[in-house]
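Chain by chain, the residues run as shown.
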Amino acid sequence: MIAPVLTTDRLILRQPQLPDFEHWADFFATERSVYEGGPLDRVGAYRVWASDVALWLLRGYGPFAVEDRETGAYLGDVGIYQPEGFPETELGWFVVPGAEGRGIALEAARAVMGWARARFGWEHLVNIIDPRNTRSIALGLRLGGVSDPVRPGVDPGDVVILHDLRRAA
């Protein structure tokens with residue numbers, strides 16, 4: 001499946017393209033990637049990015065590349081993930097440093113949540129977040145999610161935030 005194009009007031013969410021990988025390589029080369037299994041070298045970053053993008057073909061969902069509607073600038077990826085080893089379908093995000101603190105991930109995540117509900121009829125999604133990643137935890141809660149200490153994460157201690165898509169619809 002090719003990703004549909006979603007739009008919001010400020011954003012275009014589209015199928016990832018090979019040039020988008022450069023932003024992932026830059027991100028995974030830094031300590032900021034520690035919450036995502038990094039830092040990784042370029043080859044390791046490519047493996048993560050390519051496997052995430054392949055979810056579109058394998059599962060019918062995956063990451064959307066997020067662009068600024070006015071400038072066309074790449075801002076990050078927001079999408080739905082469930083690679084091998086994940087206990088549930090996850091709503092996840094990554095934004096470039098210049099997009100942090102601007103509500104980009106929030107706006108894109110809301111669009112993806114609405115799309116997932118309409119497309120699949122799902123009642124919920126989760127975030128699975130490293131407990132040290134306080135900014136992502138805050139975003140998950142700001143999106144209306146609630147912490148669910150009973151649901152399993154991927155790693156011990158992961159914070160799992162449950163989103164009721166019926167409320168978001």
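For the structure, see preceding data.
The structure reproduced in this document is the subject of the present report. (Residues numbered from 1 in each chain as written. Predicted model: local features only at pLDDT ≥ 70, side-chain atom pairs only at ≥ 80, totals over all residues. Heavy atoms only, no water.)

**A few points about the side chain of D130**
In this fold, D130 is placed in the loop between β6 (124-129) and α4 (134-142). Take D130: its relative accessible area is 16%, and that puts it in the buried class. Looking at D130, its side chain comes within polar contact range of the side chain of R132, at 2.8 Å. (Helix = DSSP H or I, 4+ residues; strand = E, 2+ residues; numbered from the N terminus. Buried < 20%, exposed > 50% of the residue type's maximum accessible area, 1.4 Å probe, protein only. Polar contact = N/O pair within 3.5 Å; in protein donor to acceptor, adjacent residues only side chain to side chain.)

**With respect to the environment of E123**
Tracing the sequence through the fold places E123 in the loop between α3 (104-120) and β6. Through-space distance from the C-alpha of E123 to that of V146 is 14 Å; in sequence the pair is 23 residues apart. Setting aside residues up to four positions removed in sequence, E123 forms contacts with R117, H163, D164, L165 and R166. (Contact = heavy atoms within 4.5 Å.)

**A few points about the packing of helix α1 (residues 21-28) against helix α2 (residues 42-59)**
One way to put it is that α1 packs onto α2 with a least axis distance of 9 Å and a crossing angle of 130°. Considered as vectors, α1 and α2 are oriented oblique to each other. The handedness of the crossing between α1 and α2 is right-handed. Contacts from F21, E22, W24, A25 and F28 of α1 reach α2 at R42, A45, Y46, V48, W49 and D52. Of the residues in the contact of α1 with α2, the class split is eight nonpolar, no polar and three charged. (Axes fitted to C-alpha atoms, helices over the stretch in contact; angles between N-to-C directions. Parallel < 35°, antiparallel > 145°, perpendicular 65-115°, else oblique. Left-handed = near helix turned anticlockwise from the far one by under 90°. Nonpolar A, V, L, I, M, F, W, Y, C, P; charged D, E, K, R; others polar.)

**Topic: the packing of aromatic side chains**
According to the stated counting rule, one finds 14 aromatic pairs in the structure shown. On the basis of an interplanar angle of 75° and a centroid distance of 5.2 Å, the ring pair of F27 and F28 is categorised as edge-to-face. Taking relative accessible area as the criterion, F27 reaches 9% and is therefore assigned buried. Here the aromatic rings of W115 and F120 are separated by 5.4 Å at their centres, their planes lie at 85°, and the arrangement is edge-to-face. Chaining the aromatic ring pairs together yields one cluster made of W56, Y61, F64, W115, F120 and W122. (Phe/Tyr/Trp six-rings, centres within 6.5 Å; stacked < 30°, edge-to-face > 60°.)

**Considerations on α4**
Given 3.6 residues to a turn, an α-helix orients residues that are three or four positions apart in the same direction. Inspection of α4 places S136, I137, L139 and G140 among the buried residues, and these make up the whole buried set. Relative to the axis of α4, the buried residues are bounded by an arc of 160° and lie together on one face. Seen from the buried face of α4, the exposed residues on the opposite side, beyond 90 degrees, are T134, R135 and R142. Tucked into the core, α4 has its buried residues touching β5 (90-95), α3, β6 and β8 (159-164). Once α4 finishes, G144 follows within two positions and takes phi at roughly 100°, a positive value. (Arc of directions from axis to C-beta.)

**Brief notes about the pairing of strand β4 (residues 74-81)**
Consecutive side chains of a regular strand alternate in pointing toward one face of the sheet and then the other. With eight of its eight residues buried, β4 lies for the most part within the structure. With five bridges joining them, strand β3 (residues 63-68) and β4 adopt antiparallel strand pairing. Its bridge partner being in β4, E67 is matched across the sheet by Y74. Pairing of β4 with β5, which is carried by six bridges, proceeds in the antiparallel orientation. The residue of β5 that forms the bridge with Y81 is E90. (Pairing = 2+ DSSP bridges.)

**Quick look at the pattern of salt bridges**
Enumeration according to the criterion identifies twelve salt bridges in this entry. Measuring nitrogen to oxygen at the nearest pair gives 4.0 Å for the salt bridge that ties R102 to D68. Taken together, the residues R102 in the loop between β5 and α3 and D68 in strand β3 connect sequence positions 34 residues apart. When its relative accessible area of 37% is taken as the criterion, R102 is described as partly exposed. Using a relative accessible area of 16% as the deciding quantity, one classes D68 as buried. (Salt bridge = Lys/Arg side-chain N within 4 Å of Asp/Glu carboxyl O.)

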